[in-house]
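If you want the building blocks of each chain, they are given just below.
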Protein chains: 2
Amino acid sequence: FDVFVSAPGKAILHGEHAVVHGKVALAVSLNLRTYLHLKGTTIGNVCINLPNIDTFLCWELAELKQLREEVKRLDAELIRRLREFIGVTNGNLDTCNMAILAFLYIYLSLFGSGELPSLTLTVWSELPTGTGLGSSAAYSVCLAAALLCASGAIPTPLKEGDNTARWCQEDLELINSWAFQGEMIIHGNPSGVDNAVGTWGGMLRFLAGKIIPLSRVPLLRILLTNTRVPRSTKVLVAGVKDKINKFPSIMTPVLDSVDAVSCTCEKVLSEMTCEPITGEHYNILEELIDINQHHLNVMGVGHPSLDILCRVTLTKGLHSKLTGAGGGGCGITLLRPETDSSIVQATVQDLKDCGFDCWETSIGGPGVQQHSPLSVKEEVLEILNRY
Amino acid sequence: FDVFVSAPGKAILHGEHAVVHGKVALAVSLNLRTYLHLKGTTIGNVCINLPNIDTFLCWELAELKQLREEVKRLDAELIRRLREFIGVTNGNLDTCNMAILAFLYIYLSLFGSGELPSLTLTVWSELPTGTGLGSSAAYSVCLAAALLCASGAIPTPLKEGDNTARWCQEDLELINSWAFQGEMIIHGNPSGVDNAVGTWGGMLRFLAGKIIPLSRVPLLRILLTNTRVPRSTKVLVAGVKDKINKFPSIMTPVLDSVDAVSCTCEKVLSEMTCEPITGEHYNILEELIDINQHHLNVMGVGHPSLDILCRVTLTKGLHSKLTGAGGGGCGITLLRPETDSSIVQATVQDLKDCGFDCWETSIGGPGVQQHSPLSVKEEVLEILNRY
């Protein structure tokens, strides 16, 4: 058994913060992907390699079997026992421990009733961690898809000669629900948006806790910039709430306007899939980005680094907004179809010169998929095959 | 007969553009003033000196008498005849011709039934012209006040030993109505806000064509910056209207939010006159400035020069917004009571280094007033006495 899968990250296109106050948010897949290679082995070991976070662990099947037999209920008790098992005694889990916990939890749950398989699992992600780009969800989605395949619960959809393949809706539902389990372990109280984007890709409408995948959206080229300014989502969310309480008559209409930005954007994107795409479509997308960035500044979640991002990209005629929590963190820049590669490269360089990380990528691409080894980018394949 | 009067300019504190769409605007007096010196003479001449615009004209009383006798109706016909008289044959009046027209119109109207007095009138303004700061209204208010005094229609309120004095409400109403006549000649279709601010000073609430002077407002220290970027108010107003038509669901709440900014500001300013002024009052005024500046950017009336103004002043901890039409033009920066003079001077210098004109002044000060010669700033008095 040998399978390669990948899942995308996520970005909020419009509606961050407003969503906390009952407004629409649009979450889109971000084509910086997490890749997972699962290989059946015969050495009686379960090995996990997470080179992004320098984590390389192996357990003998025997110790995992014993662990599983101890535990009857596959939820809270298992998690408690797993924490003990990997030696976490306080509540403060780091990225590495959370990734291990999520893997062991899904592995033991899926193979709970039969033989535990000997396998080696290697994960490599293009996503920066801890920047609100859904890296943990992409990891959980990959884990769920690969382990569900290995357990036989879902098929491997790849046909001979294909590069990539996706699962049917029913299988995606199953992947998503197990990925959500992983997210629960990692985040405690996830919204479910990140794993849904990782599973279905494209764009999701998120409103009052309800997640609605949108049938068709165009693939949009973007730059994804990480300002590398650390921020606390909790503090930023609380700040917006305070501002709404302080100035209700001023802030309530701002949230309404953000809601209308999201709805207008959704409408334009849907038009772009059913009529010829024109420059005017892109003009409107750019205007919506600018408007929302100003609104996010009004909410108090802007940051000088994000102002720099907007200013630097605007000198190249490109429009940017923060994505996610703000106060630093990441921003997205829309590239037009006609934007010349030399402009893109110059912009990326300018942003790197500001001390930012910057990737040319796209939003609206596919969710979780199986890959033929040849369809995995060479540099990623090289890493996945290293272990 | 010898009288010195002055009237302030005006700035829009909040609500520019939104006022066109039925929302509240707050207009405040700007303590960059226009000074007028009117002196009775015995040489049988009427002379006007406008050194700001290099205009120095004299007429013999005889030609003005003849002109007045020709004309029965003191409105459209007089204006038509005055245009002819000063040699304007097409509709394109420059600042100089408009200023002369307004003067002759008020002079001939006020002295229509009696002897025409021989006099010399000199005006000097601290206000830049054509930047939306009400320089023409300040001029019209000064003309109206001085000529009404000279005609005996209103008294000269200055008592022996006073530096400055103001008129009673009834006299101010009369000054305002004649100043509005001057504005009609200069602007064609003025809103009446500028002459009202020049007359009453302080702050006015302007809503759906109705002008309500606010009883008491604190005097606020500001910087007034002219970016010197020329713009067309008409084009900017049309652009906002287009954006509202294009994105009604997005823009309507933005106008509502601006309205709430104006109302909140009015409330805070009124609180500042009846309770001890605290840092929190200033914090709120600063927040309102920032919010409105973002909203004006959403309306599309921002400009890179205004972004620079905001950024430069923020590096000194000071908050700025555009005032008036935007798209360049002028901006105001709030100074806090504790803002040190060295900070103010450094900021002014930084702004001048950007190529901007910048004045340290105040808003909310008195409207039209009579001055004793000694209460006129020395450098202004020197100019007024030069002619």
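Residues numbered from 1 in each chain as written. Chains lettered and ligands numbered in written order. Predicted model: local features only at pLDDT ≥ 70, side-chain atom pairs only at ≥ 80, totals over all residues. Heavy atoms only, no water.

Chain A has the name Mevalonate kinase in an unreviewed UniProt entry, where Sander lucioperca is given as its organism. We quote the UniProt Pathway (unreviewed entry) comment for chain A here in full: "Isoprenoid biosynthesis; isopentenyl diphosphate biosynthesis via mevalonate pathway; isopentenyl diphosphate from (R)-mevalonate: step 1/3." One UniProt comment on chain A, placed under Function (unreviewed entry), says "Catalyzes the phosphorylation of mevalonate to mevalonate 5-phosphate, a key step in isoprenoid and cholesterol biosynthesis." (UniProt positions renumbered as here; feature names shortened; annotations may be inferred.)

**Notes on the overall build of chain A**
If you tally the helices and strands in chain A, you get twelve helices and 13 strands. By the compact-globule yardstick of 21 Å for 387 residues, chain A fits well, its C-alpha radius of gyration being 21 Å. In chain A, which comprises 387 residues, the proportion classed as buried is 57%. Taking the intrachain contacts of chain A between residues at least 6 apart in sequence as the baseline, contacts between residues at least 24 apart amount to 75%. Total accessible area on chain A stands at roughly 15500 Å², and carbon and sulfur atoms take up 52% of it. (Helix = DSSP H or I, 4+ residues; strand = E, 2+ residues; numbered from the N terminus. Rg over C-alpha atoms; globule rule 2.2 N^0.38 Å. Buried < 20%, exposed > 50% of the residue type's maximum accessible area, 1.4 Å probe, protein only. Contact = heavy atoms within 4.5 Å. Areas by Shrake-Rupley, 256 points an atom, 1.4 Å probe, with all protein chains shown as cover.)

**Brief notes about the packing of aromatic side chains**
All names here are of chain A. In the structure shown here, the tally under the stated rule is ten aromatic pairs over all chains. Between the aromatic rings of Phe-56 and Tyr-387, the centroid separation amounts to 5.2 Å while the plane-to-plane angle is 35°, which identifies the pairing as tilted. Of this pair, Phe-56 sits in strand 4 (residues 55–60) while Tyr-387 sits in the segment after helix 12 (378–384); the two residues are 331 residues apart in sequence, bridging distant segments of the chain. Residues Phe-103 and Tyr-107 carry aromatic rings whose centres are separated by 5.6 Å and whose planes lie at 35° to one another, so their mutual orientation is tilted. Of this pair, Phe-103 and Tyr-107 are both found in helix 3 (residues 95–110), four residues apart, which corresponds to roughly one turn of the helix. Here the aromatic residues Trp-59, Phe-85, Phe-103, Tyr-107 and Phe-111 are joined through ring pairs into a cluster of three or more. (Phe/Tyr/Trp six-rings, centres within 6.5 Å; stacked < 30°, edge-to-face > 60°.)

**Quick notes on the relation of the copies chain A and chain B**
A rotation about some axis, followed by a shift along it, carries one copy of the chain onto the other. The transformation that overlays chain A on chain B combines an axial shift of 0.0 Å with a rotation of 180°, and the residual RMSD is 0.0 Å. The transformation just described matches what one would write down for a two-fold rotation axis. Judged by C-alpha distance, A:Pro253 is the residue of chain A that lies nearest the rotation axis, at 2.4 Å. Interface residue correspondence from chain A to chain B reaches 100%, placing this contact among same-surface, isologous pairings. (Least-squares fit on C-alpha atoms with pLDDT ≥ 70 in both.)

**Remarks on helix 4 (residues 135–151) of chain B**
Counting along an α-helix, one turn takes 3.6 residues, and residues three or four places apart therefore face a common direction. All names here are of chain B. Its 17 residues place the ends of helix 4 24 Å apart at the C-alpha level, agreeing with the 24 Å of an ideal helix rising 1.5 Å per residue. Burial within helix 4 is extensive, with 15 of its 17 residues counted as buried. Positive backbone phi, approximately 85°, marks Gly-152, located one or two places after helix 4. (Expected span 1.5 Å × (residues − 1).)

**Concerning unusual backbone geometry**
All names here are of chain A. The residue Asp-54 is not glycine, and still its phi comes out positive at about 50°. The topology assignment puts Asp-54 in the loop between strand 3 (45–50) and strand 4. Although it is not a glycine, Ala-208 sits at a positive phi angle of roughly 50°. Structurally, Ala-208 can be placed in the loop between strand 7 (203–207) and strand 8 (210–214). For Ala-208, a relative accessible area of 65% puts it in the exposed group.

**What about the pattern of salt bridges?**
All told, the structure shown has 34 salt bridges over all chains when counted by the stated rule. For the salt bridge of A:Glu360 with A:Arg221, the shortest nitrogen-to-oxygen distance reads 3.5 Å. On the criterion of sequence distance, the pair formed by A:Glu360 in strand 12 (residues 357–363) and A:Arg221 in strand 9 (residues 220–226) is long-range, its members being 139 residues apart. Of the residues examined, A:Glu360 reaches a relative accessible area of 41% and is grouped as partly exposed. Between B:Asp350 and B:Lys316 there is a salt bridge, and its shortest N-O distance comes to 3.3 Å. One end of the pair, B:Asp350, is in helix 11 (residues 341–353); the other, B:Lys316, is in the loop between helix 10 (304–314) and strand 10 (319–323), and 34 residues separate them in sequence. Several salt bridges converge on common partners, so that one network encompasses A:Arg80, A:Arg81 and A:Glu84. (Salt bridge = Lys/Arg side-chain N within 4 Å of Asp/Glu carboxyl O.)

**A short note on the interface of chain A and chain B**
At the interface, 22 residues of chain A touch 22 residues of chain B. With both chains or domains summed, chain A and chain B bury close to 1900 Å², and 70% of this area falls on carbon and sulfur atoms. Taken as a group, A:Phe247, A:Ile250 and A:His294 account for 27% of the area that chain A buries against chain B, more than any other trio of residues on that side. There are four salt bridges connecting chain A and chain B. The salt bridge partner of A:Glu287 is B:Lys246, with a shortest N-O separation of 2.5 Å. The interface formed by chain A and chain B holds six residue pairs in polar contact (both at pLDDT 80 or more) in total. The set of elements that each furnish at least two residues to the side of chain A that touches chain B consists of helix 7 (233–246), helix 8 (248–274) and helix 9 (279–298) of chain A. Broken down by class, the residue content of the side of chain A that touches chain B amounts to ten nonpolar, six polar and six charged. (Buried area = accessible area lost by both parts, 1.4 Å probe. Polar contact = N/O pair within 3.5 Å; in protein donor to acceptor, adjacent residues only side chain to side chain. Nonpolar A, V, L, I, M, F, W, Y, C, P; charged D, E, K, R; others polar.)

**Details of the UniProt feature "domain: GHMP kinase N-terminal" (unreviewed entry) in chain A**
Those places that UniProt annotates as "domain: GHMP kinase N-terminal" (unreviewed entry) correspond, in this numbering, to residues 112–197 of chain A. Segment residues 112–197 of chain A splits into 48% helix and 10% strand. End C-alpha atoms: 28 Å apart.

**Side note on empty space enclosed by the protein**
All names here are of chain A. Using the criterion set out here, one finds four cavities of 30 Å³ or more in the structure. Taken as a whole, the largest cavity spans an internal volume of roughly 70 Å³. If you trace the largest cavity, you find it lined by Leu-13, His-14, Leu-220, Ile-222, Cys-265, Leu-285, Ile-289, Ile-332, Thr-333, Leu-334 and Ile-363. Only strand 1 (2–14), strand 9, helix 9 and strand 11 (330–334) provide two or more residues apiece to the lining of the largest cavity. Broken down by element, the lining of the largest cavity gets its largest block of residues, three residues, from strand 11. Split by residue class, the lining of the largest cavity holds nine nonpolar, two polar and no charged. (1 Å grid on protein atoms, 1.4 Å probe; cavity = no way out; pocket = protein on both sides within 12 Å on 5 of 7 lines; lining within 4 Å. Points joined across faces, edges and corners; volume = space filled by probe spheres on them.)

**What about the nonpolar core?**
Among the nonpolar cores identified, the biggest contains 122 residues, and A:Phe103, A:Tyr107, A:Leu121, A:Tyr139, A:Leu147 and A:Ile175 are the most heavily contacted of them. Here A:Leu147 is in contact with A:Leu38, A:Phe103, A:Ile106, A:Tyr107, A:Leu110, A:Phe111, A:Leu119 and A:Leu121, once residues within four sequence places are set aside. With 121 residues, the next largest nonpolar core counts B:Ala25, B:Leu64, B:Val88 and B:Ile289 among its residues. (Core = buried A, V, L, I, M, F, W, Y, C linked by side-chain atoms within 4.5 Å.)

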